[in-house]
Amino acid sequence: MRRGGSVLVTGATGFLGSHLVRRMLALGQTVHVLARPDSDFLRLRDERDRLTVWTGDVTDFASVLGACRGARPEAIFHLAGDTSLRAFSGDWAGVERAVNGGISGLLNLLRAASEAAPDLRCLVRTGGLEEYGAGPSPFVESQREAPCSPYSFAQVAGTHLSQMMQPHLPFAVVTLRPTLIYGPDQSSDFLIPSLIRTLLRGRRFTLTEGRQRRDLLHVDDFVAAALAAADHDDLRGAVLNIASGEGHAIRDIAQRIAGMLDATALLDIGGAPDRATEIFDLVGDATLARERLGWRPEISLEQGLAQIIAWHRSEQVVEA
């Protein structure tokens, strides 16, 4: 991306989006965001005045069109998504929300960008390793997807929609499939921040037997991959896993964190049941990302966990 060039971000107020926005502001980019009227800018509270905010939603074509026309972006980062749809009990309402938000929203963005963003070179969108479901691991981009929730179903459908439309688009669409990402300011709906916060408060933490293997990536490494993808002109329709390639059992991760907090006695391993749609081996092969982006993770799990624990300790002091 050209330094000082215009970028448009959806999902900017979320965990991934806020880290990406901060990095781009630090690099001197002109950052526009598309945000719902009720969006909480808490993660970007100290950067709010440096952003141009377009009020709207990806499900509303008129607002997406207006944002594209006003921002005239050279790059778009589409990170908006309803992560609550990872949990699925078979209800049709969840599927409908995934179709409306995930698929129709992407279609609106592709169409609006085609019509009103003449300077656009690349649209980077995020999927996730969950798209591969219970398929053979480590996952490679060429294997058949097997989504197990409305969230991953919408991601898979969005990938195929993007690839179907790519020959007809004047800009590149790149799909990144990141593994499980962690870092500062992540919601306590996710394991690592929930575990750290609970143990820091001296409370017992209950989890499953922890047999699941997970590939963990620090958010700064994801941001580096997203920026690298936007800077390549030869990735039209590409799908790239963004992962460390290393699998760690959940129980081992929990024990490592508890050990760093001197709180191992507070772990209740095996006290909670596995989810019905649990993926037990979620590890990605990032060979293509290394070859095509020149990207590889820079932050080790040990470094990343130490950093996030320190961040939570400082936040705890602020809260107190």
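Anything mentioned here points back to the structure above.
Okay, so let's go over this structure. Because the structure is predicted, anything quoted here is derived from the model rather than measured.

**Here's the deal with helix α7 (residues 250-260)**
Item 1. Listing the buried residues of α7 in full gives Ile250, Ile253, Ala254, Ile257 and Ala258. For α7, the angular spread of the buried residues around the axis is 130 degrees, confining them to a single face.

**So, the pattern of salt bridges**
Item 1. Here the structure, examined in full by the defined rule, presents 13 salt bridges.
Item 2. Of the charged contacts, one joins Arg22 and Asp46 as a salt bridge, the two residues approaching to 2.5 Å between their closest N and O atoms. Of the two residues, Arg22 sits in helix α1 (residues 15-26) while Asp46 sits in the loop between β2 (30-35) and β3 (52-55), which places them 24 residues apart along the sequence.
Item 3. Relative accessible area serves as the criterion here: at 54%, Asp46 is assigned to the exposed category.
Item 4. Arg177 is paired through a salt bridge with Glu131; the nearest N and O atoms lie 2.8 Å apart.

**With respect to the sheet that holds strand β14 (residues 281-282)**
Item 1. Read from one edge to the other, the open sheet built from three strands follows the order β12-β9-β14, with strand pairing classed as mixed. The open sheet has two edge strands, β12 (248-249) and β14, and neither has a second partner.
Item 2. Note that strand β9 (residues 213-214) and β14 share two bridges and pair parallel. For Arg214, the partnering residue across the bridge sits in β14 and is Leu282.

**Re the nonpolar core**
Generally speaking, nonpolar side chains in soluble globular proteins are found buried as a group.
Item 1. Core analysis: the biggest nonpolar cluster contains 41 residues, and Val21, Val31, Phe77, Leu176, Ile242 and Leu293 have the highest contact counts within it.
Item 2. Residue contacts for Ile242: discarding those within four places in its chain leaves Leu176, Arg177, Pro178, Thr179, Leu217, Ala225, Ala289, Leu293 and Trp295.

**Notes on the environment of Leu123**
Item 1. Position of Leu123 relative to the elements: it lies in strand β5 (residues 122-126).
Item 2. When its relative accessible area of 0% is taken as the criterion, Leu123 is described as buried.
Item 3. Put simply, Leu123 and Val173 are 50 residues apart on the chain and 4.8 Å apart in space, counted from C-alpha to C-alpha.
Item 4. When near neighbours in sequence (up to four residues on either side) are disregarded, Leu123 contacts Ile76, His78, Leu109, Leu110, Phe171, Ala172, Val173 and Val174.

**Concerning the state of the cysteines**
Item 1. Here the structure, examined in full by the defined rule, presents zero disulfides.
Item 2. Free cysteine Cys68: the closest other cysteine sulfur is in Cys122, separated by 14 Å.
Item 3. We classify Cys68 as buried; its relative accessible area is 0%.

**Digging into the sheet that holds strand β6 (residues 172-178)**
Item 1. With respect to topology, seven strands assemble into an open sheet ordered β3-β2-β1-β4-β5-β6-β11, the strand pairing being parallel. Edge positions in the sheet fall to β3 and β11 (239-242), since each has one partner strand and no second. Here the average twist between neighbouring strands, direction ignored, is 20 degrees.
Item 2. As paired elements, strand β1 (residues 6-10) and strand β4 (residues 75-78) share four bridges and run parallel to each other. Bridge pairing in β4 places Leu8 opposite Ile76.
Item 3. Helix-sheet contacts for α1 involve β1, β2 and β4, and the interaxial angle to β2 is about 155 degrees.

Cut-off values and rules
- Residues numbered from 1 in each chain as written.
- Predicted model: local features only at pLDDT ≥ 70, side-chain atom pairs only at ≥ 80, totals over all residues.
- Heavy atoms only, no water.
- Buried < 20%, exposed > 50% of the residue type's maximum accessible area, 1.4 Å probe, protein only.
- Helix = DSSP H or I, 4+ residues; strand = E, 2+ residues; numbered from the N terminus.
- Arc of directions from axis to C-beta.
- Salt bridge = Lys/Arg side-chain N within 4 Å of Asp/Glu carboxyl O.
- Pairing = 2+ DSSP bridges.
- Core = buried A, V, L, I, M, F, W, Y, C linked by side-chain atoms within 4.5 Å.
- Contact = heavy atoms within 4.5 Å.
- Disulfide = S-S within 2.5 Å.
- Axes fitted to C-alpha atoms, helices over the stretch in contact; angles between N-to-C directions.

The quantities given are spatial measurements derived from coordinates; they are silent on function.
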